[in-house]
Each structure stands twice: as C-alpha cells, then as structure tokens.
Amino acid sequence: VLFRSLFRTADRFFPVCEHLKREIVNLGCPEEKIRVLYGGVDLTRFRFMPRTLEEGKKVRFLAIGRFVEKKGFEDLIRAFAVVAERRGGVKLILIGQGPCESKYRRLIDKYALGGKVKIIPWVDYKKIHKKYESSHIFVAPSVTDAAGNQEGIPNTLKEAMATGMPVISTYHAGIPELIDSPSSGLLVPERDVGKLAEAMQWLADHPESWGEMGFNARRKIERDFNLEKQLRKQKDFYDEVIRGG
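Residues numbered from 1 in each chain as written. Predicted model: local features only at pLDDT ≥ 70, side-chain atom pairs only at ≥ 80, totals over all residues. Heavy atoms only, no water.

**Description of the packing of helix H3 (residues 73-86) against helix H8 (residues 193-205)**
So the rule is basically this: Helix axes use the C-alpha atoms of the stretch in contact, all axes being lines fitted to C-alpha atoms, and the angles between their N-to-C directions lie in the range 0 to 180 degrees. Helix and strand assignments follow DSSP, with helices taken as H or I runs no shorter than four residues and strands as E runs no shorter than two, numbered in order from the N terminus. Reported orientations rely on four angle classes, namely roughly parallel under 35 degrees, roughly antiparallel over 145, roughly perpendicular from 65 to 115, and oblique for the rest. Two helices that cross are described as forming a left-handed crossing if the nearer one is turned anticlockwise from the farther one by less than a right angle, and a right-handed crossing if clockwise. Here a residue-residue contact requires only that any non-hydrogen atoms of the pair lie within 4.5 Å. We call Asp, Glu, Lys and Arg charged. Ala, Val, Leu, Ile, Met, Phe, Trp, Tyr, Cys and Pro are nonpolar, and the rest, Gly among them, are polar.
Taken N-terminus to C-terminus, the directions of H3 and H8 make an angle of 50°; their axes are 8 Å apart at the nearest point. In this view, H3 runs oblique relative to H8, as classed from their interaxial angle. When you trace H3 past H8, the crossing you get is right-handed. Contact residues: H3 offers Asp75, Leu76, Arg78, Ala79, Phe80, Val82, Val83 and Arg86, while H8 offers Val193, Leu196, Ala197, Met200 and Gln201. Partitioned by chemical class, the residues of the contact of H3 with H8 number 9 nonpolar, 1 polar and 3 charged.

**Here we look at the nonpolar core**
A general feature of soluble globular proteins is that nonpolar side chains tend to end up buried together. Short version of the rule: Here the nonpolar core consists of buried residues drawn from Ala, Val, Leu, Ile, Met, Phe, Trp, Tyr and Cys, with membership extended through side-chain atoms lying within 4.5 Å. When a residue's accessible area, from a 1.4 Å probe over protein chains only, is under 20% of the maximum for its type it is buried; when over 50% it is exposed; and in between it is partly exposed.
Within the largest apolar cluster, 35 residues are counted, with the highest numbers of intra-cluster contacts made by Phe61, Phe80, Leu94, Ile168 and Met200. The element contributing the most residues to this core is H3, with 8 residues. Beyond its immediate chain neighbours, meaning those up to four positions away, Ile168 contacts Ile137, Phe138, Val139, Ala140, Leu186, Leu196, Ala199, Met200 and Leu203. Among the nonpolar cores identified, the runner-up in size contains 30 residues, and Leu62, Ile95, Ile153 and Met165 belong to it.

**Quick word on the sheet that holds strand E5 (residues 167-170)**
Defined as follows: Any two strands are treated as partners once DSSP identifies two or more bridges connecting them.
Judged by pairing direction, the sheet is parallel, and its 6 strands sit side by side in the order E3-E2-E1-E4-E5-E6 without closing on themselves. The open sheet terminates on both sides in strands that have one partner only, identified here as strand E3 (117-120) and strand E6 (186-188). Adjacent strand axes in the sheet meet at a mean angle of 20° when their direction is disregarded. As defined by bridge partners, strand E1 (residues 59-64) adjoins strand E4 (residues 137-140) across 2 bridges and the pair is classed as parallel.

**Focus: helix H10 (residues 227-242)**
Cut-off, in case you're wondering: One fewer than the residue count of a helix, multiplied by 1.5 Å, yields its expected span. Working note: the arc is built from the helix axis to C-beta atom directions. We call two N or O atoms a polar contact when they sit within 3.5 Å, provided that within protein one can donate a hydrogen and the other can accept it, with sequence-adjacent residues counted only if both atoms are side-chain atoms.
For H10, spanning 16 residues, the distance from its first C-alpha to its last is 22 Å, which sits close to the expected 22 Å at 1.5 Å a residue. Among all positions of H10, only Gln230, Phe237 and Glu240 are buried. The buried residues of H10 occupy an angular sector of 70° when projected down its axis, which confines them to one face. Of the exposed residues in H10, those oriented more than 90 degrees away from the buried face are Glu228, Lys235 and Ile242. Capping the start of H10 is the job of one residue whose side-chain oxygen sits 2.9 Å from the backbone nitrogen of Glu228: Asn226.

**Examining the packing of H3 against helix H4 (residues 101-110)**
Between H3 and H4, whose axes approach to 10 Å, the crossing angle comes to 10°. Classified by the angle between their axes, H3 and H4 sit roughly parallel to one another. Contacts between H3 and H4 pair Phe73, Glu74, Ile77 and Arg78 from the former with Lys103, Tyr104, Leu107, Ile108 and Lys110 from the latter. Residue composition of the contact of H3 with H4, grouped by class: 5 nonpolar, no polar and 4 charged.

**A word on the packing of aromatic side chains**
Spelled out, the test is: Between 30 and 60 degrees the pair is tilted, below 30 it is stacked and above 60 it is edge-to-face, where a pair is any two Phe, Tyr or Trp rings, Trp via its six-membered ring, whose centres lie within 6.5 Å.
A full pass over the atoms with the stated rule returns 12 aromatic pairs. With centroids separated by 5.6 Å and ring planes inclined at 65°, the aromatic side chains of Phe14 and Tyr238 adopt a geometry described as edge-to-face. Taken together, the residues Phe14 in the loop between helix H1 (2-9) and helix H2 (18-26) and Tyr238 in helix H10 connect sequence positions 224 residues apart. For Tyr238, a relative accessible area of 41% puts it in the partly exposed group. With a centroid separation of 5.9 Å and an interplanar angle of 85°, the aromatic rings of Phe67 and Phe73 are classed as edge-to-face. Of the two residues examined, Phe67 and Phe73, each falls in the buried class. Ring pairs connect the aromatic residues Phe3, Phe7 and Phe13, which therefore count as one cluster.

Take it as geometry only, folks, not as evidence of what the structure does.
Right under this line is the structure:
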C-alpha cells in the first residue's frame, strides 16, 4: 500500500542503475516516471595511473568497504588463501570495519595469512586515493546477503577503475553495467570462491594485461560515470519535472 501511494504521488524516481530500475518496476512503479542516474566519480580526485609490476615486488590486492555480508569479503579471504598457496608473492589489504570483522580475523588465522593480509580499520577519504595508487588489483566480490540486501554499484569500484586499476567483481545487481568483462575488468559468479581465486590468480600472473584493462576501465568511467556529466544529467531531469514533462 505504501509503495502504491508513493509511486502514484511522486513525480520521478532516480535509481542508481538499470538493475534497480527493473526492481522498482516490478514493485509497481510506472516506468515513465523512472530515470536512471548513475553515481558519478570526481575525476579530478582520481588520476589515471597505469599499473605495472616491478621485478621482485608482491602483487597487492585491495578491497574497501563495510565489513558486512553483502560485500563478500569472506569469499575474498578464502579465494586469496587459494592464490597465496598456489603462487606466493601476493598481499591483500582490507580497508573497513563492521560486524563481520571478527569472522574475517578468524579466517585469516585459520589459513595462516597473518603476514599476507592486513586489515586497516579506517582511512581519511581525502587520502583514500593513495591506497588505490599503491595497489595493483581491486576486488569487490559483492553478494546478495541472507536478508536479500544488494549493492547498487559500489563507489569504490568506480574510483578504482578511474585510477586505471584492474578490477575483479561479481555478476551482482548493477555491477555488470559498470564492468565490461573481460575488457575493463573481470566478473565472476557470486559466492564462487573457486572462480574468484582463478580470476585473482590470472590477473596476478598476467601483469602485461593490466595496462589495457585499466585504460578501458578509465574510459568507461569518463564516459558513463563522470561526476560532472552526471550532475548535468541530474539537472536536466529536475528541469524536466519543473516543466511538467
């Protein structure tokens, strides 16, 4: 009843991806009232920096987000354990905090990853670009949680792509609208630790692929997720409502 009243009285709805648009339509929202408005990235804050691997250096994986189930970090730790056992020379940085932290720490202990996985509880947003720039591969293995909660499109994934970092994520919610796999990143099924480990190992083993993938990722952000463009689009949508269109 609440949704029907809302859909009837509101002029416009602005979901952040086509996936959420379909969900809203399925709930009964008239499609003509919906305008998809992607969240944009400030490209002046995240400079393009092609990734390379210096000889003798470790491959540094990075993940950023709340320590909650839908971020999929439990799968990430398990997959990283597989990669670390198979090839060595890898490191994982997890930035965030939340209710799942103790579970993650137990997994790190279980797989004896203490020297290879580092948890950083918080980084000032003004300095987060430095964490992107000091890493090689970004991983965002999002999943639908037990309560049915989903992502839209994680902002951290867009920011990582804006810096030219190769990314790995999942076929989840709006993420396939962002990543054209395999040209601008790699996508694997949700909760498939084996496939996630394969993707991580492949990228770690093929640093020669990082440059082109990162370039394509940056172009995707410039084209479809540029903050300046999205703000202009938002203004156009608001003007449309004001004009009664």
